[in-house]
Amino acid sequence: MTKVPFNKPYLTGKEAHYIYQAVYSGKISGNGIFTKKCQEFFENRYGFKKSLLTTSCTDALEMCAILAEIQPGDEVIVPSYTFVSTALAFVRQGAKIVFADSCPDNPNIDASHIEELITPNTKAIVPVHYAGVACDMDPIMDLARKYNLLVIEDAAQAIDSYYKGRPLGSIGHLAAFSFHETKNIISGEGGMLAINEERFIRRAEIIWEKGTNRAEFFRGEVNKYGWVDTGSSFLPSEVIAAFLWAQLENLENIQQRRRELWNRYNDVFSAVVLPRITLPNIPSYATNNAHMYYLICQSLEQRTELIKKLKEKGILAVFHYLSLHSSEYYRDKHDGRVLSNADHFAECLVRLPMFYELTNDEVDEIAHLVSG
Ligand SMILES: *Cc1c(COP(=O)(O)O)cnc(C)c1O
């Protein structure tokens, strides 16, 4: 008997209206009016040189792996505490993944221990902004310059969040966002590639449209189009883009409500002394986009108890990633280094319900149960 789900996708009310418009405009394949509106919105608001909608963040990461020209034998540095796609997109191009540990007090990649993982085969670093909270990007970008590496931000959770005043997704060479229904801004399934360097734009458009120069043709830049490179069908239909546009029109409102809920949890927990539970740590260089409210227990047993206690009251709290370095698929390929912070978050982090339509009363009830 679930009373409070973990997530509930929020509809602004305009989604079906815009989908209707897209359908009856007669153009429902990709790269039409709604796609362009969404892409321009992101470019204007966050300063990306180019934004391309994709069918998922996973797809956007696969595009990054192709653009980075990852070859078999190349190494890519990825945090172990992340979603499968962060690593898998590069594995499909033949990369060897070198897993990095999290910070001691925050699930993000520990920037102070990346340099020791770099070898002559390293091609890219993929920081993941966990919970929409920025990784420490300055030292990461310094390493990229020093060793001539690409930085690809996995910004799946990081829409509308900032590092020292700069929008996440605009700092690395490339970035990938998700509009999966579990994120702040949604389109069911969906994603975006953000490109911050001119040199990638032309090739990205070609990879996006099945290896053809179709985009240039429709802009009148070439008089016929054909097969010019590798690629796939990475672009979503206008139906998806129309849905996303309804969400983008409400971005401020969605973000404001999520922040209120996040702060309400945090205020209640900060006011009582929670035995053996640590609250989220937002570093001073980072903003909080209220993607997630999590707590960190001291042990797996304690977390299991807490999840059970909430479940008995009909409240769904959930744990998150299992460390990728010890996954069934990758553990035999991992070099054996122990990543104790990643394992700690895998065992001890618990996420509380967080969605637009969660009520203040529900937050109070959940917070009361956790602290009681
Ligand atoms: C959600 C998520 C993804 C995958 O996004 P999709 O749009 O479902 O492909 C990748 N990385 C992280 C960190 C995520 O949270």
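Per an unreviewed UniProt entry, the protein goes by dTDP-4-amino-4,6-dideoxygalactose transaminase and derives from Bacteroides reticulotermitis. Looking at the protein in UniProt, the text filed under Sequence similarities (unreviewed entry) is "Belongs to the DegT/DnrJ/EryC1 family."

**Q** Honestly, the overall build of the protein in this entry has me stumped. Any pointers?
**A** Looking only at helices and strands, one finds 12 helices and 13 strands in the protein. Whereas a compact globule of 372 residues would reach a radius of gyration of roughly 21 Å, the protein reaches 21 Å, a difference of no more than 12%. Every one of the 372 residues in the protein was classed for burial, and the buried ones make up 57%. Contacts in the protein between residues far apart in sequence, at least 24 positions, make up 72% of those at least 6 positions apart. In the structure as shown, the protein presents an accessible area of about 16,200 Å², 52% of it carried by carbon and sulfur atoms. On the protein, the mean spot of the 38 positive side-chain charges and the mean spot of the 46 negative ones are 3 Å from each other.

**Q** Hey, could you run me through the UniProt feature "modified residue: N6-(pyridoxal phosphate)lysine" (unreviewed entry) in the protein in this one?
**A** Annotation from UniProt places "modified residue: N6-(pyridoxal phosphate)lysine" (unreviewed entry) at K183. With respect to the helices and strands, K183 occurs in the loop between β10 (174-178) and β11 (191-195). In this structure K183 touches A156, Q157, S178, R258 and H291, once residues within four positions along its chain are discounted.

**Q** Please explain the site of the ligand as it appears in this structure.
**A** Neighbouring the ligand are 15 residues; T58, D154, Q157, S178 and K183 lie closest to it. Between an oxygen atom of the ligand and a main-chain N or O atom of C57, the distance comes to 2.9 Å. In the model, an oxygen atom of the ligand is placed 3.4 Å from a nitrogen or oxygen of the Y321 side chain. The fraction of the free accessible surface of the ligand (390 Å²) that becomes covered by protein chains is 92%. When the residues that make up the shell around the ligand are grouped by side-chain class, the tally is 5 nonpolar, 8 polar and 2 charged.

**Q** I keep staring at the nonpolar core and nothing clicks. Help me out?
**A** When a protein is soluble and globular, its nonpolar side chains tend to lie buried together. Residues F42, F90 and L352 are the most contacted members of the largest nonpolar core, which totals 128 residues. It is helix α3 (residues 57-67) that contributes the most residues to this core, 8 residues altogether. Not counting chain neighbours up to four residues away, the residues in contact with F42 comprise G47, F48, S51, L53, I159, F179, M192, L244 and L248.

Parameters at a glance
Residues numbered from 1 in each chain as written. Predicted model: local features only at pLDDT ≥ 70, side-chain atom pairs only at ≥ 80, totals over all residues. Heavy atoms only, no water. UniProt positions renumbered as here; feature names shortened; annotations may be inferred. Helix = DSSP H or I, 4+ residues; strand = E, 2+ residues; numbered from the N terminus. Rg over C-alpha atoms; globule rule 2.2 N^0.38 Å. Buried < 20%, exposed > 50% of the residue type's maximum accessible area, 1.4 Å probe, protein only. Contact = heavy atoms within 4.5 Å. Areas by Shrake-Rupley, 256 points an atom, 1.4 Å probe, with all protein chains shown as cover. Lys, Arg positive; Asp, Glu negative; His and termini not counted. Charge placed at Lys NZ, Arg CZ, Asp CG, Glu CD. Near = heavy atom within 4 Å. Polar contact = N/O pair within 3.5 Å; in protein donor to acceptor, adjacent residues only side chain to side chain. Nonpolar A, V, L, I, M, F, W, Y, C, P; charged D, E, K, R; others polar. Core = buried A, V, L, I, M, F, W, Y, C linked by side-chain atoms within 4.5 Å.

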